[in-house]
Each structure stands twice: as structure tokens, then as C-alpha cells.
Amino acid sequence: MPGMTALCNVLFDLDGTLVDSRQTIVVSIQHALDLMGLPAQATRVERLVGRPLYDIFRENYGLSRQHAFEAIDAYRDHYDGLNQAGTRVYDGVREGLSELQSAGFDLYVATVKPTAIADKVLRDLGLRPHFTGVAGASMGPERRDKRRIIAWALAEFGLKPGSSMMVGDRDQDVDGARRNGLVSVGVSYGFGQAEELRKAAPDHAADRFEDVVRVVMRGR
């Protein structure tokens, strides 16, 4: 693979890559918007899944900085109360992660969810034992975009970009990987639109999680 030494580390996005949390996230965003007095159509909200919450409430719904934080708090309270109801692990993920672990890869999560919340999701769904570390967004807006989250993961866990790979379903995953010197895998089964991924031009494409496993194995 171009630009890589032997692949050792694989970073995974969470929502839309490992788990289908669409229903849980949409309901929680709608709840927050209702509290803020804003109408929310489920189809419109669904297209925003995977973006940082702060950006959604500020840029897509025009909330002030203060009101955006209030909406985020409302979202998180509602999301936590659902306890992953409506969220499922994608087919092949459990088996694939076990296979990669057995092959000696170190696995990490890099997500726009805050670290503590992402860690809880992984534990609730029984996925946490597969991962060496979890890198998420800060609770405030300081570290919310994927580029900074990936950079933080590399520094926090002492990972070399040339021996690491990023797997995700949105253009922000591909862009974040590229800007940090990682090879990227774009998955088509998640929340990202086909045209979005095509324009992002990941190094590799995967239609199923089994395809991700094959790409990773070839990196050795």
C-alpha cells in the first residue's frame, strides 16, 4: 500500500462503520431540537448523522453558541437514557474484529462522539474488549473534527501514521486520514452518501465489513 510500512494499527470510526446507530441518533437530535423550539424532519436529520453535534446545531439549525451547547446537553441526556436501544452492530463486525485481533493488529476507535460516551457505547454492545484505545471528541468544541481527533489518537497512543489505517463511512474520515498521513478505507454501507465518498477518494473502498478485513490483512 502506498506510503505505508507494515500495517500495525487500524483506527475505526464508530457510527456508520461499526454500529448502525441511525435511529438512536436521529431520535436524540429530534428531541434536542424540539426542546429548542425547532421543527425537525427525520429525513433531513438522518442526512446529518455522523457530523459533530456542535456543527449540526450551529450550521444546520442556526443556533447560537450557547443554545448549541444547550441542545448538545439535551441530546446527550436523551441518548444516554436510550441505552443503545435502536443501535445494532453491523453484520460481520464482531467476527472481523476478532479475526484482526488474532492476526496481531492493534485496533482503535476514532469518533466524533466524546471519548467517554464512545467507550460506553462499545461496552454496552460488547465491543470494547477488541480495542486497545478509544479516541473521541472533547466535550466542548475544541476537538470535534475528525482531523484533530485522529491527530490526538496518534499522539495519545504513540502511533506512527505510516503504519496506521483509518476506516470510516464519511468524507471527514477520509480527509482526516489523508491530512494525518494515514491510508484510508471508505465503507459504503454506513451513513455517507455514495457521491460524498466518491469525491473524498479513499485509498480503498469496502461494501461490507468482510471487505475491510481483507484490505487490512493485505497491509501486512
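Here is what the cut-offs are and how they apply
Residues numbered from 1 in each chain as written. Predicted model: local features only at pLDDT ≥ 70, side-chain atom pairs only at ≥ 80, totals over all residues. Heavy atoms only, no water. Axes fitted to C-alpha atoms, helices over the stretch in contact; angles between N-to-C directions. Helix = DSSP H or I, 4+ residues; strand = E, 2+ residues; numbered from the N terminus. Parallel < 35°, antiparallel > 145°, perpendicular 65-115°, else oblique. Left-handed = near helix turned anticlockwise from the far one by under 90°. Contact = heavy atoms within 4.5 Å. Nonpolar A, V, L, I, M, F, W, Y, C, P; charged D, E, K, R; others polar. Pairing = 2+ DSSP bridges. Buried < 20%, exposed > 50% of the residue type's maximum accessible area, 1.4 Å probe, protein only. Core = buried A, V, L, I, M, F, W, Y, C linked by side-chain atoms within 4.5 Å. Salt bridge = Lys/Arg side-chain N within 4 Å of Asp/Glu carboxyl O.

Chemist: How would you explain the packing of helix α5 (residues 93-102) against helix α10 (residues 209-218) if you had to name every residue and give the values?
Modeler: Following both chains from N to C, one finds α5 and α10 inclined at 10°, their axes separated by 9 Å at the closest point. If you check the angle between α5 and α10, you find them roughly parallel. Like other packed secondary-structure pairs, α5 and α10 cross with a definite hand, here right-handed. Facing Val93, Gly96, Leu97, Glu99 and Leu100 of α5, the residues of α10 in contact are Phe209, Val213, Val216 and Met217. Along the lines of polarity and charge, the residues of the contact of α5 with α10 split into 7 nonpolar, 1 polar and 1 charged.

Chemist: Residue-level account of the sheet that holds strand β7 (residues 183-187), with values.
Modeler: Overall, parallel pairing links the 6 strands, which are arranged β5-β4-β1-β6-β7-β8 in an open sheet. Strands with a single pairing partner mark the edges of an open sheet, and in this sheet they are β5 (133-137) and β8 (204-206). Sheet twist, expressed as the average angle between the axes of neighbouring strands with direction ignored, equals 25°. Strand direction decides the pairing type here: strand β1 (residues 9-12) and strand β4 (residues 106-114), joined by 4 bridges, are parallel. If you follow Phe12 over to β4, its bridge partner there is Val109. Across the sheet, helix α6 (residues 115-124) lies against β4 and β5, angled at about 120° from β4, the strand it touches most. Contacts from helix α7 (residues 146-157) reach β1, β4, β5 and β6 (164-168) within the one sheet, and its direction differs from that of β5 by about 145°.

Chemist: Give me the environment of Gly50: which residues, what numbers.
Modeler: Its place among the elements puts Gly50 in the loop between α2 (42-46) and α3 (53-60). Given the relative accessible area of 15%, Gly50 is considered buried. Measuring from C-alpha to C-alpha, the distance between Gly50 and Gly190 comes to 9.4 Å, with 140 residues separating the pair along the chain.

Chemist: Which residues make up the side chain of Lys113, and what are the values?
Modeler: For Lys113, the position within the fold is in strand β4. Setting aside anything within four residues of it in sequence, one finds Lys113 in contact with Leu14, Asp15, Ile25, Tyr79, Ala118, Val121, Gly136 and Ala137.

Chemist: Pulling in residues and values, what's your account of the nonpolar core?
Modeler: Generally speaking, soluble globular proteins have nonpolar side chains that are buried together. Of all hydrophobic cores here, the largest spans 55 residues; its most connected members are Phe12, Leu18 and Phe57. Looking at which element gives the most residues to this core, the answer is helix α4 (residues 65-82), with 6 residues. Those residues in contact with Leu18 that sit more than four places away from it in its chain are Phe12, Asp13, Val89, Tyr90, Val93, Leu97, Val109, Phe131 and Phe209. Formed by 14 residues, the second largest nonpolar core is a distinct cluster that contains Leu11, Ile150, Met166 and Leu182.

Chemist: Just give me the short version of the pattern of salt bridges, but keep the residues and values in it.
Modeler: Applying the stated criterion across every chain yields a total of 16 salt bridges. Salt bridges sharing common partners tie together Asp13, Lys146 and Asp173.

Chemist: Can you tell me about α10, naming the residues and giving the values?
Modeler: Taken residue by residue, α10 has Phe209, Asp211, Val212, Val213, Val215 and Val216 as its buried positions. Turning to α10, the residues buried within the fold contact β1, α5, β6, β7 and β8.

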